[in-house]
Amino acid sequence: MPTKPQTGKRTVWRGPRLRDLPSVDELLRSERLRRLAEEVGRPLVLAAARQVLAGLREQIRRGRSGPEFESVLAHLPEEVTGEVRELLGLSLQPVINATGVVLHTNLGRAPLGREAARGVFEVATQYSNLEFDLGKGARGRRDVHAGKFLDRLLGAEASLVVNNNAAAVLLALNTLAEGGEVVVSRGELIEIGESFRIPDIMARSGAVLREVGTTNRTRIGDYARALNKQTRLLLRVHPSNFRLEGFTARPALEELVALGRRRRLPLVEDLGSGLLVDLSGQGLAQEPLAAASLGAGVDLVTFSGDKLLGGPQAGIIAGKKKLVERCRRNPLFRALRVDKMTYAALEATLRSYLRGGLEDVPALRLIRLTAAEIGERAEALRASLEKDLAGGAALSVRAGQSVVGGGSTPGYSLPTKLLVIAAQGMSPAELAARLRRAHPPVVVRVEADRVLVDLRTVFEDQQTALAAALRQALS
Ligand SMILES: *Cc1c(COP(=O)(O)O)cnc(C)c1O
């Protein structure tokens, strides 16, 4: 009888053979896996053991051998434990954003404030009045939530919350213009991210796009000449993620408002970010204020909940009551509506605005951090790392730029201080990859031969974990 390797122990190795592998049962009898099965249940450990053994069988068939392979064979229970951890690992997890991009589209855009997160927890873990009128003791509507705060903050007659701004634009166009024409300036036929393109959304809404003007110059007369019996609405789009400079022209909002009124056509403005407070002190003067657009006479505005507003992913439609009501009655609204968790997070975020507590909205707090404040933390991090690493990497702090991101404020940046890391004998790409494997993963900027850490987007309570990840990756 050939002797099989005892699990967890080295045996004399004569090159791998299929019959040298233990059976699943033998493997599961090892002390380590017995304990693991008590913790996470036998079915999961069994599945992982089968997977590991199948992998090894495949490798043996292909004639694999060598020290790495032997080491796996010698540590089978550890391999299975690793596989179980992998199976149980969550796909979506927190990361440390050390890029300095405040509204990072790939990293979840706006982080929620504590009040908003608490609101989500309370509403999500208990029953709520999501669709119940507490006054009447009867069935109520979910779309009343957040309305009170939105109407007040925006000076709107009514408002409606959907899944994201793309949904808001789709719903507004479908409701108000299906089967008719929508007039848009050529300079505003934008693409956001990979999949939001005004012409595509327009087609899906059932409205026909009527382009007017040229890429760089469109005048009010261009709009006026395009109007006909089929025209249903005028659409203005904020070109959020690029800037047109030089020989350009765009009618004033007031001219469009006047044209819409004269021809009895609603004017809808897709604002993108939906800034609620004046941040021109932070250099965000080019971002339109949602309330200013409605104040100027725009009939409906649409914007995102998780860009400069700093709340959950959502799309907001606000403006004239009659038009908002039509959107609400559209059967598409049922398909685009949001969950109770979104209402909870949005209401708590909006309440922070009403109270003037902008420090409670993380995105706004991070945008307002000064380079001096960030520099102090960067110096402290540099000093602490230098003490431990004793020369394994060159560390310095220098001036740099953070960006707002999220398809807003193109070409504008916020002054910051960066921790610059040049590791010895390790490429910046390798260091960045190591940092992404940390717990929690750390995402940094890589520039030429250096790794850049921008603490603007690293929360203070993450700084210890960041330092530990850097120490580990550099050692
Ligand atoms: C970001 C943006 C959108 C899409 O918003 P989402 O909330 O990501 O769906 C639409 N229009 C403009 C102008 C934008 O900036």
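Since the structure is predicted, the reported quantities are computational estimates derived from the model, not experimental observations. (Residues numbered from 1 in each chain as written. Predicted model: local features only at pLDDT ≥ 70, side-chain atom pairs only at ≥ 80, totals over all residues. Heavy atoms only, no water.)

Secondary structure assignment for the protein yields 19 helices and 18 strands. Taking the principal axes of its C-alpha atoms as reference, the protein extends roughly 95 × 55 × 45 Å. Looking at the protein as a whole, 48% of its 475 residues qualify as buried. With an accessible surface of roughly 23800 Å², the protein has 50% of that area assigned to carbon and sulfur atoms. (Helix = DSSP H or I, 4+ residues; strand = E, 2+ residues; numbered from the N terminus. Buried < 20%, exposed > 50% of the residue type's maximum accessible area, 1.4 Å probe, protein only. Areas by Shrake-Rupley, 256 points an atom, 1.4 Å probe, with all protein chains shown as cover.)

A word on the packing of helix α18 (residues 428-436) against helix α19 (residues 463-474). Taken N-terminus to C-terminus, the directions of α18 and α19 make an angle of 130 degrees; their axes are 9 Å apart at the nearest point. With respect to their mutual orientation, α18 and α19 come out oblique. In this structure, α18 crosses over α19, and the sense of that crossing is right-handed. Across the interface between the two elements, Leu 431, Arg 434 and Leu 435 from α18 touch Ala 469, Leu 470, Ala 473 and Leu 474 from α19. In the contact of α18 with α19, the residues fall into 6 nonpolar, no polar and 1 charged. (Axes fitted to C-alpha atoms, helices over the stretch in contact; angles between N-to-C directions. Parallel < 35°, antiparallel > 145°, perpendicular 65-115°, else oblique. Left-handed = near helix turned anticlockwise from the far one by under 90°. Contact = heavy atoms within 4.5 Å. Nonpolar A, V, L, I, M, F, W, Y, C, P; charged D, E, K, R; others polar.)

Further remarks concern the site of the ligand. Around the ligand sit 13 residues, and of these Arg 109, Ser 240, Asp 270, Ser 304 and Lys 307 come closest. Note that a nitrogen atom of the ligand is positioned 2.6 Å from one of the side-chain N or O atoms of Asp 270. For the ligand, whose free accessible area comes to 380 Å², the fraction covered by protein is 94%. Every element with two or more residues in the shell around the ligand is listed here: α8 (165-177) and β11 (267-272). Among the residues making up the shell around the ligand, the classes are represented as 4 nonpolar, 6 polar and 3 charged. (Near = heavy atom within 4 Å. Polar contact = N/O pair within 3.5 Å; in protein donor to acceptor, adjacent residues only side chain to side chain.)

For the protein, the assigned domains are domain 1 (6-88), domain 2 (96-103 + 368-474) and domain 3 (114-360). Taken over C-alpha atoms, the centre of domain 1 sits 39 Å from the centre of domain 2. (Domains from an automatic or database assignment.)

Following the criterion strictly, the structure yields 2 cavities of 30 Å³ or more and no others. There is about 50 Å³ of room inside the second largest cavity. (1 Å grid on protein atoms, 1.4 Å probe; cavity = no way out; pocket = protein on both sides within 12 Å on 5 of 7 lines; lining within 4 Å. Points joined across faces, edges and corners; volume = space filled by probe spheres on them.)

Below, the discussion takes up the sheet that holds strand β9 (residues 208-212). With mixed pairing, 7 strands are arranged side by side in an open sheet as β5-β13-β12-β11-β10-β6-β9. The open sheet has two free edges, formed respectively by β5 (158-162) and β9, since each of these has just one partner strand. Averaged over all neighbouring strand pairs, the angle between strand axes comes to 25 degrees, with direction disregarded. Both strand β12 (residues 300-304) and strand β13 (residues 315-319) contribute to a ladder of 5 bridges, which runs antiparallel. Residue pairing for β13: Phe 303 is matched across the bridge by Ile 316. Against the sheet, helix α11 (residues 253-262) engages β10 (231-237) and β11, with an angle of about 170 degrees to β10. (Pairing = 2+ DSSP bridges.)

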